[in-house]
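Per-entry structural report
Chain by chain, the residues run as shown.
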Number of protein chains: 2
Amino acid sequence: MTLSEEDYIKAIYHLGKGEQAPVSTNAVAEKMDTKPSSVTDMVKKLSEKGVVNYRRYKGVRLTEYGLKIALSIVRKHRLWEVFLVEKLHFSWDEVHEVAEQLEHVKSEKLIDELDKHLGFPKIDPHGDPIPSKEGEFKKAVKKLLSEVLTGTNGVCVGVKDSSPPFLKFLDKNNIALGDPIIVLEKEEFDGSLTIKINNKEMRISEQIASNLFVEIID
Amino acid sequence: MTLSEEDYIKAIYHLGKGEQAPVSTNAVAEKMDTKPSSVTDMVKKLSEKGVVNYRRYKGVRLTEYGLKIALSIVRKHRLWEVFLVEKLHFSWDEVHEVAEQLEHVKSEKLIDELDKHLGFPKIDPHGDPIPSKEGEFKKAVKKLLSEVLTGTNGVCVGVKDSSPPFLKFLDKNNIALGDPIIVLEKEEFDGSLTIKINNKEMRISEQIASNLFVEIID
DNA sequence: ATAATATTTTAGACAAATCTAAAAATTTGT
DNA sequence: ACAAATTTTTAGATTTGTCTAAAATATTAT
Ligand SMILES: [Mn+2]
Ligand SMILES: [Mn+2]
Ligand SMILES: [Mn+2]
Ligand SMILES: [Mn+2]
């Protein structure tokens, strides 16, 4: 696969939320920052190659083969992210752009040895699971902070939005993955929350809460 | 620069042996495994960009700007080679192909941190010097084993040919960089040498000797 | 010096990935 | 149900990097 094909496959995978729903041409175009006409062309090519199922006007979805490819790219992307943070002291908001390039390097040995070098990590710096060589990973049981009940006791385990601005916001407010969180109060009016994190009380907006994943502790 | 442009710049650099001599179209074509007509096209484009000086039928040479770019690519290539050998347990004959891809990843921080992570190495696994961030490196004082006098006492410091077959040959015969070498005898007839390496006597062909660099110890 | 040979460039074509503008199909609203 | 709005596809053009075949230039040998 070319670099471009790989990026399309990954976009279709992410938009398909696992694999199921067919993905619209416009959705892919938006995610890839291209025009819908370009997507149509590429999707036809990927269909020829057996990577996706496509019927015009009906959207596109990965085949089993396509899903395998997608998972191998995601695996590479996330392993490189771990490498950048753990070994090269990147912060979690700086890794995406570089991993976006590194994920396309072709060498099975490279990625296997990298995996070993990193101690076979199971999640990336944003809390997302790293697929195994065989494409397996357990979908974490996590919920958006905005959707849990008042009084919930949990641990911060991931971010939905992993753009630099959001991640920098979390850093600035001393919120990191692994931190225990208690939801003290939910404000009806604007959806904002009062939480206790690291033994410190703070108030966060609905927008923040709906981009933070927690694992509930009972 | 695009990936392709970068590979052309690197090829012109290597063929130019430092920088001086103008490089022929055919030489670049051979090294890049393309057709001379493709080289002409690319060289025109690089000339527009100020990367090379080119006058038709007269060959091509890097500008000062072009040399800077070449050195930064060579730096990346060799740092990645060190990484692969030191951290990921690649053997020295496996690294070139992968470094050929990794050298094109764009991120200044990435390469600076990698350099630090590796302890600021000065040479790559094949004994070639790694340019500094500023493009400086000292040209090692090394000679081809085939060109030293009988009785010379030296240390194996590099290879001219770094293709897998040659490197595997050296591995198989227990010849590694850093090994002390004494030239016991030179055979007039076929240019073969009798050497003492690691306290073991062995005979090597002219072809081998002309691809091994030694640093002479007086 | 000139002919033969080798090298290099030009002209024209092609595949990949993209774009714009217009046409076709689908979806939505009344 | 049908008009309007939206989405998607097609047609045709563009850029990058490549190729083949032919023409131009340079080099070599007699
Ligand atoms: Mn990518
Ligand atoms: Mn990530
Ligand atoms: Mn390369
Ligand atoms: Mn090397």
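Residues numbered from 1 in each chain as written. Chains lettered and ligands numbered in written order. Predicted model: local features only at pLDDT ≥ 70, side-chain atom pairs only at ≥ 80, totals over all residues. Heavy atoms only, no water.

So, about the coordination of the manganese ion (ligand 2). The textbook angles at a metal center are 109.5 degrees for a tetrahedron of four donors and 90 or 180 degrees for an octahedron of six. All names here are of chain A. For the manganese ion (ligand 2), the full set of protein donor atoms is Glu81 (OE), Asp124 (OD) and His126 (ND1), at a range of 2.1 to 2.3 Å. Mapping the donors of the manganese ion (ligand 2) onto the primary sequence yields the spacing E-x42-D-x1-H. Neither residue differs from the other here; Asp124 and His126 are each classed as buried. (Donors = N, O, S within 2.8 Å, 3.2 Å for Na, K, Ca; no water. Buried < 20%, exposed > 50% of the residue type's maximum accessible area, 1.4 Å probe, protein only.)

Before going further, it helps to spend a moment on the protein's contact with DNA strand C. Around DNA strand C there are 21 residues in total, and Thr2, Ser38 and Lys45 of chain A together with Lys44 and Tyr54 of chain B lie nearest to it. Among the atoms of DNA strand C lying within 4 Å of the protein, the sugar-phosphate backbone contributes 77%. In this structure, Thr2 of chain A approaches DNA strand C through a side-chain N or O atom, which is 2.7 Å from a phosphate oxygen. Residue Thr25 of chain B places a side-chain N or O atom 2.8 Å away from a phosphate oxygen belonging to DNA strand C. Listed by contribution, the elements that provide at least two residues to the surface near DNA strand C are helix H1 (3-15) and helix H3 (36-48) of chain A together with helix H2 (25-32) and helix H3 (36-48) of chain B. Here the element with the most residues in the surface near DNA strand C is H3 of chain A; it accounts for five residues. (Near = heavy atom within 4 Å. Polar contact = N/O pair within 3.5 Å; in protein donor to acceptor, adjacent residues only side chain to side chain. Helix = DSSP H or I, 4+ residues; strand = E, 2+ residues; numbered from the N terminus.)

A few words now on the pattern of salt bridges. Residues and elements named next belong to chain A. Within the structure shown, the criterion is met by 28 salt bridges over all chains. A salt bridge links Lys133 to Asp112; the shortest N-O distance between them is 3.0 Å. Remark: Asp112 occurs in helix H6 (residues 108-117) and Lys133 occurs in the loop between H6 and strand S3 (143-144); sequence separation between them is 21 residues. Look at Lys133 and you get partly exposed, because its relative accessible area is 47%. The exposure class of Asp112 is partly exposed, given its relative accessible area of 22%. Put simply, Arg75, Glu108, Asp112, Asp115 and Lys133 are held in one network by salt bridges that share partners. (Salt bridge = Lys/Arg side-chain N within 4 Å of Asp/Glu carboxyl O.)

Right, let's get into the sheet that holds strand S8 (residues 212-216) of chain A. All names here are of chain A. Across the sheet, six strands lie side by side as S3-S8-S4-S5-S6-S7; this open sheet has antiparallel pairing. Across the chains shown, the open sheet's two edge strands, defined by having one partner strand only, are S3 and strand S7 (200-204). Here strand S4 (residues 153-159) pairs with S8 via five bridges, running antiparallel. Of the residues in S8, the one forming a bridge with Val155 is Glu215. (Pairing = 2+ DSSP bridges.)

Here we take up the protein's contact with DNA strand D. In the vicinity of DNA strand D there are 20 residues, among which Lys44 and Tyr54 of chain A together with Thr2, Ser38 and Lys45 of chain B approach most closely. Counting only atoms of DNA strand D within 4 Å of the protein, the fraction found in sugar and phosphate groups is 75%. Lys35 of chain B is positioned such that a nitrogen or oxygen atom in its backbone is 3.1 Å from a phosphate oxygen of DNA strand D. In the surface near DNA strand D, the residues fall into five nonpolar, ten polar and five charged. (Nonpolar A, V, L, I, M, F, W, Y, C, P; charged D, E, K, R; others polar.)

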